[in-house]
Amino acid sequence: MKFILAASALAVIATSTQAQTTTPQPAPGRISVAKPSPAPKLQNRRAIARKRVSPMVARVAAANRAATLEPQAQGFVNAVQVFPFSDGTIYQVYTAPGAVTDIALQPGENLVAVAAGDTVRWVIGDTTSGIGAEKRTHILVKPFASGLATNLVVTTERRSYHLQLTATSRTAMAALSWTYPADQLIALRRAADQAAAAPISEGLAVDNLHFNYAISGDAPAWRPLRAFDDGRQTFVEFPASIAVGDAPPLFVVGPTGEAELVNYRFRGRFYVVDRIFDVAELRLGTKKQQVVRIARVGDGTPSRKGKRS
């Protein structure tokens, strides 16, 4: 009897121990999935705030980008970047610590003021080179460290320059200068005006002028006003509109009627032909050609009337 009771007790203890050590299995068909924690709302609001840009600020930034002119490979003359100057353009300049970049103004241009956005971390000075009409002002810039950026405004008695300075780690532009297309155009116009005002030929004597030429044919806008010679050269005078229209080529007509081009030059409103001819024609056009004939009349006796045909 004692043996049976002891065996029963051992069986009960073993069953209890197995129940405690057995891991409970989840019910079939039920799988638990961990849900991600939601991002903090504060971070989302900050990100949205960073993305929102004022339309006015965006317009200004876009205008500045469009107006900025970067250095061009074809613009370098040796180590000097030569920009074409234009009012309102922002010129990009790359600098580096330990290197000085030279900004050269136009010869004869006088410096009025230099202003920079950051005068603490940039060294900015000026000097001159040359004398007299060739005297030239140079603005010298150097950053204290890489990664810096600021703007520079240079004013002279002729114009204002706007520059964007960027400091790189080691690459710097040695120098930059400008060409001035507007000034060149003014110089060309002045030269043209002076040429128009200059005499058509040196040493013309009024007593030697012969006006015995008749003008006939079509009546285009460029039809000559008159022709005359001084015994050496023949002059064909055109209306002022010849400066803005097509100029007709001049052909000399020979005794047999053949036409050949003749050497002449354009001086103001005149064709100057380095010979005397009896008959010449001005021809312009292809399908419907306009022809004006210039013929010397009479026996060569000088005429002073200057009659226009």
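Preceding block: the structure.
The rules behind each value
Residues numbered from 1 in each chain as written. Predicted model: local features only at pLDDT ≥ 70, side-chain atom pairs only at ≥ 80, totals over all residues. Heavy atoms only, no water. Core = buried A, V, L, I, M, F, W, Y, C linked by side-chain atoms within 4.5 Å. Buried < 20%, exposed > 50% of the residue type's maximum accessible area, 1.4 Å probe, protein only. Helix = DSSP H or I, 4+ residues; strand = E, 2+ residues; numbered from the N terminus. Contact = heavy atoms within 4.5 Å. Pairing = 2+ DSSP bridges. Axes fitted to C-alpha atoms, helices over the stretch in contact; angles between N-to-C directions.

1. What about the nonpolar core?
Inference 1: If you look at the biggest cluster of nonpolar residues, it comprises 20 residues, and the most contacted ones within it are I103, L152, Y161, L163, L176 and W178.
Inference 2: Among the elements of the structure, β4 (90-95), β8 (136-143), β9 (149-156), β10 (160-167) and β11 (175-179) are those that each provide at least two residues to this core.
Inference 3: By residue number, the principal contributor to this core is β10, which donates 4 residues.
Inference 4: Here L163 is in contact with I90, Y91, V93, I103, T150, N151, L152, V154, L176 and W178, once residues within four sequence places are set aside.
Inference 5: With 17 residues, the next largest nonpolar core counts W222, I242, Y271 and I294 among its residues.

2. Topic: the side chain of T89
Inference 1: Inspection of the secondary structure assignment puts T89 in the loop between β3 (80-84) and β4.
Inference 2: The residues contacting T89, other than those within four sequence positions of it, are A67, L69 and H162.

3. Section: the sheet that holds strand β17 (residues 264-267)
Inference 1: The sheet built from 4 strands is open, its strands ordered β13-β14-β18-β17 with antiparallel pairing. The open sheet terminates on both sides in strands that have one partner only, identified here as β13 (226-229) and β17. When strand polarity is set aside, the average angle formed by the axes of neighbouring strands in this sheet is 20°.
Inference 2: Pairing between β17 and strand β18 (residues 270-273): 4 bridges, direction antiparallel. Bridging across to β18, F266 finds its partner in Y271.

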